[in-house]
Amino acid sequence: MKNRDIFKLTDKYVANTYARYPVALVRGKGARVWDADGKEYLDFVAGIAVNNLGHCHAAVVRAIQAQARKLIHVSNLYHIAPQAELARELCRRSFADRVFFCNSGAEANEAAIKLTRRYGAERLGGKYEILSTRNSFHGRTLATLTATGQEKVRAGYDPLPAGFRQVPYDDLPAMEGAIDGKTAAILVEPIQGEGGVVVPDPGYLQGLRELCDRRGLLLIFDEVQVGMGRTGKLFAYEHFGVEPDVMTLAKALGGGLPLGAMLAKEAVARSFSPSSHASTFGGNPLVCGVGLAVIRTLLQDGVLKNCVKMGKLLFSGLQRLKKRFPFVRDVRGRGLILGMELEHDGSEIVQDCLTEGLLINCTAQKVLRFLPPLTVGKKDIERALSILERVLARR
Ligand SMILES: *Cc1c(COP(=O)(O)O)cnc(C)c1O
(Lines give C-alpha, C1' and ligand atoms only; values in the text may rest on other atoms or scores of the structure.)
Protein backbone atom coordinates (compact mmCIF):
# COMPACT_ATOMS: atom_id res chain seq x y z
CA MET A 1 0.00 0.00 0.00
CA LYS A 2 1.14 3.51 -0.86
CA ASN A 3 0.38 6.65 1.16
CA ARG A 4 -2.78 7.38 -0.82
CA ASP A 5 -4.24 3.89 -0.35
CA ILE A 6 -3.74 4.18 3.40
CA PHE A 7 -5.31 7.68 3.56
CA LYS A 8 -8.38 6.32 1.78
CA LEU A 9 -8.83 3.52 4.31
CA THR A 10 -8.36 5.90 7.24
CA ASP A 11 -10.88 8.36 5.83
CA LYS A 12 -13.45 5.64 5.26
CA TYR A 13 -13.08 3.44 8.35
CA VAL A 14 -11.25 5.17 11.20
CA ALA A 15 -13.13 7.39 13.68
CA ASN A 16 -12.70 10.99 12.70
CA THR A 17 -10.87 12.25 15.81
CA TYR A 18 -7.47 13.26 14.41
CA ALA A 19 -6.37 15.95 11.97
CA ARG A 20 -3.55 13.99 10.31
CA TYR A 21 -0.68 15.10 8.10
CA PRO A 22 -0.76 13.47 4.66
CA VAL A 23 1.89 10.88 5.48
CA ALA A 24 1.61 7.21 6.47
CA LEU A 25 4.73 6.14 8.39
CA VAL A 26 5.59 2.50 7.90
CA ARG A 27 9.18 2.04 9.12
CA GLY A 28 11.59 3.61 11.61
CA LYS A 29 15.20 3.38 12.77
CA GLY A 30 16.74 5.68 15.39
CA ALA A 31 15.72 9.25 14.59
CA ARG A 32 14.52 8.37 11.05
CA VAL A 33 11.15 7.25 9.73
CA TRP A 34 9.96 6.35 6.24
CA ASP A 35 6.52 6.76 4.70
CA ALA A 36 4.68 4.28 2.51
CA ASP A 37 6.00 5.99 -0.65
CA GLY A 38 9.57 5.54 0.54
CA LYS A 39 10.28 9.14 1.58
CA GLU A 40 12.63 9.58 4.56
CA TYR A 41 12.04 11.97 7.47
CA LEU A 42 14.03 13.12 10.45
CA ASP A 43 11.68 12.50 13.37
CA PHE A 44 11.66 15.32 15.93
CA VAL A 45 8.20 14.35 17.18
CA ALA A 46 9.16 10.84 18.33
CA GLY A 47 5.56 9.78 18.84
CA ILE A 48 5.11 12.91 21.03
CA ALA A 49 7.85 12.03 23.52
CA VAL A 50 7.23 8.27 23.35
CA ASN A 51 10.21 7.01 21.37
CA ASN A 52 12.88 8.35 23.73
CA LEU A 53 15.32 5.63 22.64
CA GLY A 54 14.55 6.20 18.96
CA HIS A 55 12.64 3.89 16.67
CA CYS A 56 13.13 0.14 17.01
CA HIS A 57 16.06 0.39 19.45
CA ALA A 58 17.85 -2.98 19.63
CA ALA A 59 17.29 -3.30 23.40
CA VAL A 60 13.54 -2.66 23.01
CA VAL A 61 13.18 -5.08 20.09
CA ARG A 62 15.16 -7.72 22.02
CA ALA A 63 13.01 -7.27 25.14
CA ILE A 64 9.77 -7.55 23.11
CA GLN A 65 10.98 -10.73 21.44
CA ALA A 66 12.33 -12.33 24.62
CA GLN A 67 9.22 -11.58 26.70
CA ALA A 68 6.82 -12.50 23.88
CA ARG A 69 8.42 -15.92 23.70
CA LYS A 70 8.06 -16.39 27.46
CA LEU A 71 4.71 -14.90 28.53
CA ILE A 72 2.65 -12.11 26.97
CA HIS A 73 -0.32 -11.74 29.30
CA VAL A 74 -1.71 -13.11 32.54
CA SER A 75 -4.23 -11.57 34.88
CA ASN A 76 -3.39 -9.46 37.91
CA LEU A 77 -5.12 -12.28 39.81
CA TYR A 78 -1.53 -13.62 39.89
CA HIS A 79 1.90 -12.21 40.65
CA ILE A 80 3.78 -10.98 37.57
CA ALA A 81 7.59 -11.02 37.70
CA PRO A 82 8.42 -8.20 35.24
CA GLN A 83 5.73 -5.99 36.88
CA ALA A 84 7.25 -6.50 40.34
CA GLU A 85 10.74 -5.83 39.01
CA LEU A 86 9.71 -2.69 37.11
CA ALA A 87 7.92 -1.37 40.22
CA ARG A 88 11.12 -1.91 42.24
CA GLU A 89 13.20 -0.15 39.59
CA LEU A 90 10.83 2.87 39.48
CA CYS A 91 10.76 3.13 43.29
CA ARG A 92 14.56 2.84 43.59
CA ARG A 93 14.99 5.63 41.07
CA SER A 94 12.37 8.00 42.47
CA PHE A 95 10.70 9.39 45.61
CA ALA A 96 8.01 6.69 45.44
CA ASP A 97 7.28 3.55 47.46
CA ARG A 98 4.55 1.92 45.34
CA VAL A 99 3.40 1.79 41.72
CA PHE A 100 0.01 1.18 40.09
CA PHE A 101 0.32 0.15 36.43
CA CYS A 102 -2.13 1.04 33.66
CA ASN A 103 -2.03 1.63 29.92
CA SER A 104 -1.86 5.36 29.21
CA GLY A 105 -1.21 8.80 30.60
CA ALA A 106 -4.90 9.53 31.07
CA GLU A 107 -5.32 6.32 33.04
CA ALA A 108 -2.29 7.13 35.18
CA ASN A 109 -3.86 10.50 36.03
CA GLU A 110 -7.24 8.84 36.53
CA ALA A 111 -5.54 6.56 39.08
CA ALA A 112 -3.99 9.59 40.80
CA ILE A 113 -7.42 11.27 40.94
CA LYS A 114 -9.07 8.15 42.35
CA LEU A 115 -6.29 7.74 44.91
CA THR A 116 -6.75 11.40 45.92
CA ARG A 117 -10.47 10.83 46.42
CA ARG A 118 -9.89 7.84 48.68
CA TYR A 119 -7.08 9.55 50.58
CA GLY A 120 -9.25 12.63 51.00
CA ALA A 121 -12.17 10.56 52.29
CA GLU A 122 -10.00 8.61 54.73
CA ARG A 123 -7.42 11.13 55.83
CA LEU A 124 -8.56 14.66 54.96
CA GLY A 125 -12.06 14.63 56.39
CA GLY A 126 -13.80 14.23 53.04
CA LYS A 127 -11.88 16.76 50.96
CA TYR A 128 -11.91 15.85 47.28
CA GLU A 129 -11.14 18.84 45.10
CA ILE A 130 -8.10 18.90 42.79
CA LEU A 131 -6.58 22.21 41.72
CA SER A 132 -4.74 22.14 38.40
CA THR A 133 -3.52 24.85 36.03
CA ARG A 134 -4.64 26.72 32.91
CA ASN A 135 -3.29 25.36 29.64
CA SER A 136 -2.39 22.09 31.34
CA PHE A 137 -3.00 18.73 29.71
CA HIS A 138 -3.84 15.62 31.71
CA GLY A 139 -5.75 13.35 29.32
CA ARG A 140 -9.05 12.69 27.57
CA THR A 141 -11.11 10.61 29.99
CA LEU A 142 -13.98 12.50 31.59
CA ALA A 143 -12.11 13.15 34.83
CA THR A 144 -8.76 13.97 33.24
CA LEU A 145 -10.26 16.30 30.64
CA THR A 146 -11.98 18.08 33.50
CA ALA A 147 -8.61 18.51 35.21
CA THR A 148 -7.19 19.75 31.89
CA GLY A 149 -7.09 23.55 31.65
CA GLN A 150 -8.09 23.83 27.97
CA GLU A 151 -11.61 24.60 26.81
CA LYS A 152 -11.16 22.86 23.45
CA VAL A 153 -10.56 19.53 25.20
CA ARG A 154 -13.80 19.81 27.20
CA ALA A 155 -16.15 21.27 24.62
CA GLY A 156 -19.31 19.22 24.19
CA TYR A 157 -18.81 16.85 27.12
CA ASP A 158 -21.07 18.36 29.79
CA PRO A 159 -21.94 17.49 32.46
CA LEU A 160 -18.38 17.14 33.73
CA PRO A 161 -17.45 15.51 37.03
CA ALA A 162 -17.33 17.82 40.04
CA GLY A 163 -14.23 18.65 42.05
CA PHE A 164 -11.82 20.31 39.64
CA ARG A 165 -10.71 23.92 39.26
CA GLN A 166 -7.88 25.62 37.39
CA VAL A 167 -5.68 28.59 38.21
CA PRO A 168 -2.92 30.23 36.11
CA TYR A 169 0.31 28.21 35.81
CA ASP A 170 3.49 29.45 37.49
CA ASP A 171 1.45 31.68 39.80
CA LEU A 172 1.87 30.72 43.45
CA PRO A 173 -0.40 33.41 44.94
CA ALA A 174 -3.20 32.32 42.57
CA MET A 175 -2.80 28.71 43.70
CA GLU A 176 -2.74 29.65 47.37
CA GLY A 177 -5.78 31.89 46.94
CA ALA A 178 -7.76 29.11 45.26
CA ILE A 179 -7.36 26.59 48.09
CA ASP A 180 -10.56 26.15 50.06
CA GLY A 181 -12.12 23.76 52.54
CA LYS A 182 -12.67 21.10 49.86
CA THR A 183 -9.17 21.12 48.33
CA ALA A 184 -7.31 17.81 48.62
CA ALA A 185 -4.53 18.04 46.02
CA ILE A 186 -2.61 20.15 43.54
CA LEU A 187 -1.92 18.56 40.16
CA VAL A 188 0.70 20.14 37.86
CA GLU A 189 3.13 19.31 35.07
CA PRO A 190 6.68 20.26 36.21
CA ILE A 191 7.04 21.65 32.67
CA GLN A 192 3.87 22.14 30.62
CA GLY A 193 4.08 20.18 27.37
CA GLU A 194 0.85 20.65 25.40
CA GLY A 195 0.50 24.12 26.94
CA GLY A 196 3.46 25.30 24.84
CA VAL A 197 6.62 23.97 26.56
CA VAL A 198 6.30 26.27 29.56
CA VAL A 199 9.11 26.05 32.14
CA PRO A 200 8.01 27.58 35.44
CA ASP A 201 10.01 29.98 37.57
CA PRO A 202 12.70 28.06 39.55
CA GLY A 203 10.83 28.64 42.83
CA TYR A 204 7.37 27.60 41.64
CA LEU A 205 7.43 23.86 42.31
CA GLN A 206 9.23 24.39 45.61
CA GLY A 207 6.57 26.94 46.55
CA LEU A 208 3.84 24.42 45.71
CA ARG A 209 5.58 21.81 47.89
CA GLU A 210 5.70 24.21 50.84
CA LEU A 211 2.09 25.20 50.25
CA CYS A 212 0.97 21.55 50.19
CA ASP A 213 2.94 20.79 53.36
CA ARG A 214 1.50 23.80 55.16
CA ARG A 215 -2.10 23.13 54.11
CA GLY A 216 -1.97 19.32 54.30
CA LEU A 217 -2.57 18.75 50.57
CA LEU A 218 -1.18 16.18 48.17
CA LEU A 219 1.22 17.34 45.48
CA ILE A 220 0.83 15.41 42.22
CA PHE A 221 3.27 15.79 39.32
CA ASP A 222 2.12 14.75 35.87
CA GLU A 223 5.38 13.62 34.24
CA VAL A 224 3.66 11.74 31.42
CA GLN A 225 5.48 13.90 28.84
CA VAL A 226 8.57 15.18 30.65
CA GLY A 227 9.48 12.03 32.59
CA MET A 228 11.67 9.11 31.47
CA GLY A 229 14.74 11.16 30.65
CA ARG A 230 13.17 13.76 28.36
CA THR A 231 14.64 16.73 30.29
CA GLY A 232 18.08 15.15 30.81
CA LYS A 233 17.22 13.66 34.20
CA LEU A 234 15.13 10.51 34.62
CA PHE A 235 12.33 12.62 36.15
CA ALA A 236 11.85 16.34 35.57
CA TYR A 237 11.19 17.07 39.25
CA GLU A 238 14.85 16.24 39.95
CA HIS A 239 15.82 19.58 38.37
CA PHE A 240 13.76 21.52 40.89
CA GLY A 241 14.83 20.09 44.25
CA VAL A 242 11.32 18.97 45.25
CA GLU A 243 9.52 15.67 45.49
CA PRO A 244 5.80 15.11 44.93
CA ASP A 245 3.56 12.70 46.87
CA VAL A 246 2.23 11.19 43.65
CA MET A 247 3.61 11.13 40.10
CA THR A 248 2.20 9.87 36.83
CA LEU A 249 4.16 8.40 33.91
CA ALA A 250 3.28 6.93 30.52
CA LYS A 251 4.45 7.98 27.02
CA ALA A 252 8.12 6.87 26.97
CA LEU A 253 7.79 4.34 29.80
CA GLY A 254 6.88 1.38 27.57
CA GLY A 255 9.28 2.17 24.71
CA GLY A 256 6.29 2.47 22.36
CA LEU A 257 4.06 -0.14 24.01
CA PRO A 258 1.06 1.18 25.97
CA LEU A 259 2.25 1.43 29.56
CA GLY A 260 1.31 3.98 32.21
CA ALA A 261 2.12 4.18 35.90
CA MET A 262 1.02 6.06 38.99
CA LEU A 263 3.72 6.26 41.65
CA ALA A 264 3.04 7.25 45.26
CA LYS A 265 4.53 7.51 48.73
CA GLU A 266 3.47 4.71 51.06
CA ALA A 267 1.37 6.99 53.30
CA VAL A 268 -0.79 7.88 50.29
CA ALA A 269 -0.64 4.58 48.40
CA ARG A 270 -2.13 2.94 51.50
CA SER A 271 -5.51 4.42 50.60
CA PHE A 272 -5.80 1.85 47.79
CA SER A 273 -6.74 -1.65 48.88
CA PRO A 274 -7.55 -4.86 46.98
CA SER A 275 -10.37 -4.22 44.47
CA SER A 276 -10.34 -0.43 44.94
CA HIS A 277 -8.75 0.01 41.52
CA ALA A 278 -7.75 -2.33 38.68
CA SER A 279 -6.87 -2.71 35.03
CA THR A 280 -6.99 -5.89 32.94
CA PHE A 281 -3.92 -5.09 30.86
CA GLY A 282 -2.23 -2.85 33.45
CA GLY A 283 1.32 -4.03 34.09
CA ASN A 284 1.15 -7.14 31.98
CA PRO A 285 4.31 -9.21 31.46
CA LEU A 286 5.03 -7.98 27.94
CA VAL A 287 4.80 -4.22 28.56
CA CYS A 288 6.62 -4.42 31.90
CA GLY A 289 9.39 -6.60 30.45
CA VAL A 290 9.89 -3.90 27.83
CA GLY A 291 9.57 -1.10 30.42
CA LEU A 292 12.44 -2.67 32.36
CA ALA A 293 14.63 -2.71 29.24
CA VAL A 294 13.67 0.93 28.55
CA ILE A 295 14.60 2.23 32.00
CA ARG A 296 17.85 0.22 32.12
CA THR A 297 18.89 1.42 28.67
CA LEU A 298 18.01 5.03 29.51
CA LEU A 299 20.27 4.86 32.55
CA GLN A 300 23.13 3.16 30.69
CA ASP A 301 24.80 3.96 27.43
CA GLY A 302 25.11 7.69 28.27
CA VAL A 303 21.59 8.37 26.99
CA LEU A 304 20.82 11.07 29.56
CA LYS A 305 24.22 12.70 28.99
CA ASN A 306 23.52 12.70 25.27
CA CYS A 307 20.12 14.27 25.92
CA VAL A 308 21.72 17.14 27.86
CA LYS A 309 24.45 17.65 25.25
CA MET A 310 22.17 17.49 22.22
CA GLY A 311 19.60 19.59 24.06
CA LYS A 312 22.17 22.36 24.47
CA LEU A 313 23.16 22.12 20.83
CA LEU A 314 19.56 22.32 19.63
CA PHE A 315 18.73 25.08 22.10
CA SER A 316 21.62 27.27 20.99
CA GLY A 317 20.78 26.62 17.33
CA LEU A 318 17.17 27.69 17.95
CA GLN A 319 18.38 30.80 19.76
CA ARG A 320 20.53 31.65 16.75
CA LEU A 321 17.40 31.41 14.57
CA LYS A 322 15.52 33.61 17.02
CA LYS A 323 18.15 36.33 16.50
CA ARG A 324 17.86 36.00 12.73
CA PHE A 325 14.05 35.95 12.48
CA PRO A 326 12.18 38.72 14.30
CA PHE A 327 8.89 36.77 14.28
CA VAL A 328 10.43 34.23 16.70
CA ARG A 329 9.38 35.39 20.13
CA ASP A 330 10.98 32.91 22.49
CA VAL A 331 13.00 29.71 22.72
CA ARG A 332 12.63 27.60 25.86
CA GLY A 333 12.64 24.14 27.41
CA ARG A 334 14.91 21.63 29.13
CA GLY A 335 16.97 18.79 27.70
CA LEU A 336 15.20 17.61 24.56
CA ILE A 337 11.78 19.13 25.07
CA LEU A 338 12.21 22.51 23.42
CA GLY A 339 9.73 25.06 22.15
CA MET A 340 10.04 27.97 19.74
CA GLU A 341 7.23 30.47 20.18
CA LEU A 342 6.27 32.42 17.07
CA GLU A 343 4.28 35.60 16.63
CA HIS A 344 1.84 33.71 14.42
CA ASP A 345 0.28 30.28 13.94
CA GLY A 346 2.96 27.62 13.37
CA SER A 347 1.02 25.05 11.36
CA GLU A 348 2.32 26.18 7.94
CA ILE A 349 5.90 25.92 9.16
CA VAL A 350 5.23 22.41 10.44
CA GLN A 351 3.79 21.51 7.01
CA ASP A 352 6.78 23.05 5.18
CA CYS A 353 9.27 21.20 7.43
CA LEU A 354 7.44 17.96 6.67
CA THR A 355 7.76 18.60 2.94
CA GLU A 356 11.49 19.15 3.52
CA GLY A 357 11.80 15.86 5.46
CA LEU A 358 11.64 17.08 9.08
CA LEU A 359 8.84 16.07 11.44
CA ILE A 360 8.05 18.58 14.19
CA ASN A 361 4.72 19.66 15.61
CA CYS A 362 3.06 22.78 16.87
CA THR A 363 1.33 23.11 20.20
CA ALA A 364 -0.65 25.95 21.77
CA GLN A 365 -1.08 27.27 18.17
CA LYS A 366 2.16 29.25 18.09
CA VAL A 367 4.80 27.03 19.66
CA LEU A 368 6.92 24.77 17.47
CA ARG A 369 7.84 21.78 19.62
CA PHE A 370 11.01 19.71 19.24
CA LEU A 371 11.04 16.24 20.81
CA PRO A 372 13.76 14.20 19.09
CA PRO A 373 14.79 10.81 20.47
CA LEU A 374 17.24 11.22 23.37
CA THR A 375 19.70 9.17 21.33
CA VAL A 376 19.76 11.72 18.48
CA GLY A 377 23.22 12.64 17.10
CA LYS A 378 24.93 15.94 16.33
CA LYS A 379 24.55 15.58 12.56
CA ASP A 380 20.79 15.12 12.84
CA ILE A 381 20.45 18.16 15.13
CA GLU A 382 22.39 20.22 12.61
CA ARG A 383 20.34 18.87 9.72
CA ALA A 384 17.07 19.69 11.51
CA LEU A 385 18.28 23.23 12.22
CA SER A 386 19.27 23.79 8.61
CA ILE A 387 15.87 22.58 7.34
CA LEU A 388 14.11 24.80 9.86
CA GLU A 389 16.27 27.78 8.90
CA ARG A 390 15.45 27.28 5.23
CA VAL A 391 11.72 27.06 6.00
CA LEU A 392 11.72 30.11 8.30
CA ALA A 393 13.64 32.12 5.69
CA ARG A 394 10.74 31.66 3.26
CA ARG A 395 8.27 33.44 5.58
C1 LIG B 1 0.07 12.91 26.68
C2 LIG B 1 -0.20 13.40 28.04
C3 LIG B 1 -1.22 12.83 28.83
C4 LIG B 1 -2.19 11.81 28.30
O5 LIG B 1 -1.58 10.63 27.92
P6 LIG B 1 -2.40 9.55 27.04
O7 LIG B 1 -1.46 8.37 27.02
O8 LIG B 1 -2.61 10.18 25.70
O9 LIG B 1 -3.65 9.28 27.73
C10 LIG B 1 -1.36 13.28 30.13
N11 LIG B 1 -0.55 14.21 30.63
C12 LIG B 1 0.44 14.79 29.90
C13 LIG B 1 1.32 15.82 30.53
C14 LIG B 1 0.63 14.41 28.58
O15 LIG B 1 1.57 15.01 27.84
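Summarise the overall build of the chain; cite the residues concerned and give the values.
Scanning the chain from N- to C-terminus turns up 14 helices and 15 strands. Relative to the globule expectation of 21 Å for 395 residues, the C-alpha radius of gyration of the chain, 21 Å, shows essentially globular dimensions. For the chain, buried positions account for 55% of its 395 residues. Nonlocal contacts in the chain, meaning residues at least 24 apart in sequence, comprise 70% of its contacts between residues at least 6 apart. Charge separation in the chain, taken as the distance between the mean sites of 54 positive and 41 negative side-chain charges, equals 4 Å.

Explain the nonpolar core to me, using residue names and the numbers behind them.
One finds Phe44, Leu90, Ile186, Met340, Phe370 and Leu388 to be the most contacted residues of the largest nonpolar core, which totals 88 residues. The leading source of residues in this core is helix α11 (residues 285-299), at 8 residues. If we skip the residues at most four places from it in the chain, Leu388 touches Leu318, Leu321, Met340, Ile349, Cys353, Ile360, Leu368 and Phe370. Core analysis: the second largest hydrophobic core is formed by 24 residues, Ala111, Ile113, Leu187 and Ile220 among them.

Pulling in residues and values, what's your account of the sheet that holds strand β2 (residues 32-35)?
With mixed pairing, 4 strands are arranged side by side in an open sheet as β1-β2-β3-β13. Looking along the sheet, the strands with just one partner apiece sit at the ends: β1 (25-29) and β13 (358-359). Direction of pairing for β2 relative to strand β3 (residues 40-43): antiparallel, over a ladder of 3 bridges. Bridge pairing in β3 places Val33 opposite Tyr41.

I'd like a rundown of the site of the ligand, residues and numbers included.
Residues in contact with the ligand, as listed here, are Ser104, Gly105, Ala106, Asn109, Phe137, His138, Gly139, Glu189, Asp222, Val224, Gln225 and Lys251. Separating an oxygen atom of the ligand from a side-chain N or O atom of Gln225 is a distance of 2.7 Å. In this structure, an oxygen atom belonging to the ligand sits 2.6 Å away from a side-chain N or O atom of Lys251. Relative to its free-state accessible area of 380 Å², the ligand is covered by the protein chains to the extent of 81%.

Now, about the pattern of salt bridges: what can you tell me, with residues and values included?
Within this structure, the stated rule accounts for 22 salt bridges. Between Glu40 and Arg32 there is a salt bridge, and its shortest N-O distance comes to 2.5 Å. A residue is classified by how much of its surface remains accessible, and Glu40, at 36% relative accessible area, is partly exposed. Here Glu194 and Arg369 are joined by a salt bridge, their closest N and O atoms 2.8 Å apart.

Tell me about helix α9 (residues 204-215), and please be specific about residues and values.
Its 12 residues place the ends of α9 16 Å apart at the C-alpha level, agreeing with the 16 Å of an ideal helix rising 1.5 Å per residue. Tyr204, Leu205, Gly207, Leu208, Arg209, Leu211 and Cys212 are the residues of α9 that are buried. In this fold, the buried residues of α9 make contact with β5 (129-133), α8 (172-178), β7 (183-188) and β8 (218-222). Looking one or two places after α9, you find Gly216, whose phi comes out positive at around 70 degrees.

Quick notes on the rules
- Residues numbered from 1 in each chain as written.
- Predicted model: local features only at pLDDT ≥ 70, side-chain atom pairs only at ≥ 80, totals over all residues.
- Heavy atoms only, no water.
- Helix = DSSP H or I, 4+ residues; strand = E, 2+ residues; numbered from the N terminus.
- Rg over C-alpha atoms; globule rule 2.2 N^0.38 Å.
- Buried < 20%, exposed > 50% of the residue type's maximum accessible area, 1.4 Å probe, protein only.
- Contact = heavy atoms within 4.5 Å.
- Lys, Arg positive; Asp, Glu negative; His and termini not counted.
- Charge placed at Lys NZ, Arg CZ, Asp CG, Glu CD.
- Core = buried A, V, L, I, M, F, W, Y, C linked by side-chain atoms within 4.5 Å.
- Pairing = 2+ DSSP bridges.
- Near = heavy atom within 4 Å.
- Polar contact = N/O pair within 3.5 Å; in protein donor to acceptor, adjacent residues only side chain to side chain.
- Areas by Shrake-Rupley, 256 points an atom, 1.4 Å probe, with all protein chains shown as cover.
- Salt bridge = Lys/Arg side-chain N within 4 Å of Asp/Glu carboxyl O.
- Expected span 1.5 Å × (residues − 1).

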